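# Secondary and tertiary structure notes
Next come the chains, spelled out residue by residue.
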Amino acid sequence: MNIMPNSAAARDIAYYIHPQTNLRRHAEVGPVIVSHGDGVYVTDENGNRYMETVAGLWCAALGFSANERIAKVAYDQMRKLGYYHTYRHTANESSIDLAEKLIQLAPVPMSKVLFQCSGSEANDTAVKLAWYYQAAMGRPDKIKIIGRERGYHGSTIASVSVSGKPDMHADFPLPLPMMRHTEYPHYYRQHRDGESEEEFATRMAEALENLILAEGPDTVAAFFAEPVMAAGGAIVPPKTYFAKMQAVLKKYDVLFIADEVVCGFGRTGSWWGSQTFDLQPDMISCAKALSAAYQPISALMVNEKIHQAMLAQSDKLGAFAHGYTHAGHPVTTAVALEVINIYEEMDIVERAQRVGGRMLSGLQALAAHPMVGDVRGVGFLAGMELMADKATRTPFEAGTAGAAADKFGRQNGLILRVIGDRLAFAPPLIITEDEVDHMLAMLSKTLDQAHAELTTA
Ligand SMILES: Cc1ncc(COP(=O)(O)O)c(C=O)c1O
């Protein structure tokens, strides 16, 4: 790539570290600088326009356009009160309004809300509260947290430790010593010959139970799960999975934390993934679509059981010794509240079912393609497995199928999210039926081109 001196790309290479990026290679290829957005499209500084099939990082639920309504709310709030914190009995109005709204929307009875600025921080807070709760219950040794292989809960030290991503632990002294990981429910790839979805789910629940028994139930505080594993590959759980997993958690008095950072706010065809899969969590983290990514904000909801333990801790210890400077920021909370108003006006759940249903049936039609092994999804969230040989479930050589899909996708105007041998689809929730059809047509062309390249090499 020809990088002009003093250009934005040259200055990027000079000054910037990019997450999830090969830093050596970045200095050679430089950045794709996105300069503006319109609806589900983004345009780079060279004028290339792409449809974003995963809403950036699963977050831009209202797309990438300038949004006058949201901008006005932020502007008005900045003019009224640019900042005030929520420490030591202090509050600001918009964070109270948003807390109330979240409790009203919660999929199961929830009691209180804590704000943070990212999904990682919300999950870190949940880990701390699981420990705090168990300590309040007189069980200070019940500190182990169980996540799932390939689960993703964030980059901060506790959240990444619960995540089952060895690539994100490597060469950091991670995961933290009290974190454990159980199997992940990828039925298509992991099921044994002749094993039904229900039998597979039973095996997953047995693996969880065996892990809890091996560790000692008196040492296990909590279990973390995303309703649909997003960064793990857009993996929809098989039938009966969560019912069986939750029965095990109940049996051993293990808290359940639902990570709704991706699934919350309509993504799975209900307000919450917990509704889609009938979850009964003790805590729920959310972020991303909470503000449609117009502001960095996350929330953790806790049920009354957790809240009562927190009250007991205040009696014992004094203050709740935890907090973030920008948590409950008046601008971020005002924006999130307006975003939720927009979702309600749009009837985001109906839209995710109707337009998401069209996306899903179109993707499922592509399951007939020679390189597509499996397609599963709910609402506006779907995963597609790319396979060299569908009959024997044999993948292509590692990385090659995803790289080919990515390359041809870009040529066809699509930004695709490749996760190993999988493609994940989670477009902005405002995508129209015509845009879904265009995405499917360009995807079909992309798969043909990728297949031709991979099979003639
Ligand atoms: C399910 C899930 N939880 C947590 C996070 C972390 O959120 P953040 O990047 O805002 O810290 C992510 C990010 O992709 C996520 O997908």
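In the region of the ligand, 15 residues are neighbours, and Ser118, Gly119, Ser120, Gly154 and Val261 sit closest. For the shell around the ligand, the element with the highest residue contribution is helix H6 (residues 119-136), accounting for 3 residues. Looking at the shell around the ligand residue by residue, the classes come out as 7 nonpolar, 6 polar and 2 charged.

Before going further, it helps to examine unusual backbone geometry. Across residues other than glycine, the phi torsion is negative in most instances, and most of the peptide bonds are trans. Following Leu174, the chain continues to Pro175 via a peptide bond in cis, the omega torsion being 5 degrees. Here Pro175 is to be found in the loop between helix H8 (166-169) and strand S6 (179-182). One non-glycine residue, Gln20, lies in the positive phi region at around 50 degrees. Along the polypeptide, Gln20 turns up in the loop between helix H1 (8-15) and helix H2 (23-29). Positive phi is not limited to glycine here, since Asp347 has a value of about 55 degrees. The exposed category is assigned to Asp347, around which 12 C-beta atoms lie within 10 Å.

What follows is about the pairing of S6. Every second residue of S6 is oriented toward a common face, with Met179 and His181 on one face and Arg180 and Thr182 on the other, all of them buried. Where strand S5 (residues 144-148) and S6 come together, 4 bridges link them in parallel fashion. Its bridge partner being in S6, Gly147 is matched across the sheet by His181.

Okay, the environment of Ser95 next. Structurally, the position occupied by Ser95 is in helix H5 (residues 93-105). Those residues in contact with Ser95, other than ones at most four positions away along the chain, are Thr86, Phe115, Gly328, Pro330 and Thr333.

Right, let's get into the environment of Ala426. As for its placement among the helices and strands, Ala426 is situated in the loop between strand S15 (422-425) and helix H17 (433-456). Between the C-alpha atoms of Ala426 and Ala61, which are 365 residues apart in sequence, the distance is 9.0 Å. Not counting chain neighbours up to four residues away, the residues in contact with Ala426 comprise Val54, Ala55, Trp58, Arg267, Phe380 and Leu381.

Moving on to the pairing of strand S7 (residues 220-225). With 6 of 6 residues buried, S7 lies mostly within the body of the structure. Relative to S7, S5 runs parallel, the two being bridged by 3 bridges. Each bridged residue has a counterpart across the sheet, and for Ile146 the counterpart in S7 is Phe223. Bridging between S7 and strand S8 (residues 255-259) involves 4 bridges; their strand directions are parallel. Its bridge partner being in S8, Phe224 is matched across the sheet by Ile257.

So, on to the domain arrangement of the chain. When its domains are assigned, the chain resolves into domain 1 (32-66 + 349-456) and domain 2 (71-346). Its C-alpha centre places domain 1 at a distance of 27 Å from the equivalent point of domain 2. In this complex, domain 1 contributes 31 residues to the contact, which on the side of domain 2 involves 26 residues. If you list the elements that add at least two residues to the side of domain 1 that touches domain 2, you get helix H3 (55-58), helix H15 (348-365), strand S11 (372-378), strand S12 (381-386) and S15. When grouped by side-chain class, the residues that make up the side of domain 1 that touches domain 2 number 17 nonpolar, 8 polar and 6 charged.

What follows deals with the sheet that holds strand S10 (residues 298-302). With respect to topology, 7 strands assemble into an open sheet ordered S4-S10-S9-S8-S7-S5-S6, the strand pairing being mixed. Of all the strands in the sheet, just strand S4 (112-116) and S6 have a single pairing partner and so form its edges. Neighbouring strand axes in the sheet, compared pairwise and without regard to direction, differ in orientation by 20 degrees on average. Here S8 pairs with strand S9 (residues 283-286) via 3 bridges, running parallel. Considered in S9, the bridge of Ile257 is made with Met283.

Turning our eyes to something else, we now look at helix H10 (residues 197-215). For H10, which comprises 19 residues, the first-to-last C-alpha distance of 27 Å matches the rise-based estimate of 27 Å (1.5 Å per residue) to within 8%. Restricting attention to buried positions, one finds in H10 the residues Phe200, Ala201, Met204, Ala205, Leu208 and Ile212. When H10 is viewed along its axis, its buried side chains cluster within an angular range of 140 degrees and face the same direction. In H10, the exposed positions angled more than 90 degrees off the buried face are occupied by Asn210, Leu213 and Ala214. Against S6, helix H9 (187-190), S7 and helix H11 (241-251) lie the buried residues of H10.

Spatially, 4 strands are ordered S1-S2-S3-S13 in an open sheet, and the strand pairing comes out mixed. Each edge of the open sheet is held by one strand with a lone partner, namely strand S1 (34-38) and strand S13 (414-415). Of the pairings in the sheet, the one linking strand S3 (residues 49-52) to S13 comprises 2 bridges and is parallel in character. Within S13, the residue paired with Glu52 across the bridge is Ile415.

One can describe the packing of H15 onto H17 by two numbers: an axis separation of 10 Å at closest approach and a directional angle of 15 degrees. The orientation of H15 relative to H17 falls into the category roughly parallel. The chirality of how H15 crosses H17 is right-handed. On H17, the residues that touch Val355, Arg358, Met359 and Gly362 of H15 are Glu433, Val436 and Leu440.

What counts, and where the lines are drawn
- Residues numbered from 1 in each chain as written.
- Predicted model: local features only at pLDDT ≥ 70, side-chain atom pairs only at ≥ 80, totals over all residues.
- Near = placed C-beta within 6 Å.
- Helix = DSSP H or I, 4+ residues; strand = E, 2+ residues; numbered from the N terminus.
- Nonpolar A, V, L, I, M, F, W, Y, C, P; charged D, E, K, R; others polar.
- Buried ≥ 20, exposed ≤ 12 C-beta atoms within 10 Å, placed from the backbone.
- Pairing = 2+ DSSP bridges.
- Contact = placed C-beta atoms within 7 Å.
- Domains from an automatic or database assignment.
- Axes fitted to C-alpha atoms, helices over the stretch in contact; angles between N-to-C directions.
- Expected span 1.5 Å × (residues − 1).
- Arc of directions from axis to C-beta.
- Parallel < 35°, antiparallel > 145°, perpendicular 65-115°, else oblique.
- Left-handed = near helix turned anticlockwise from the far one by under 90°.

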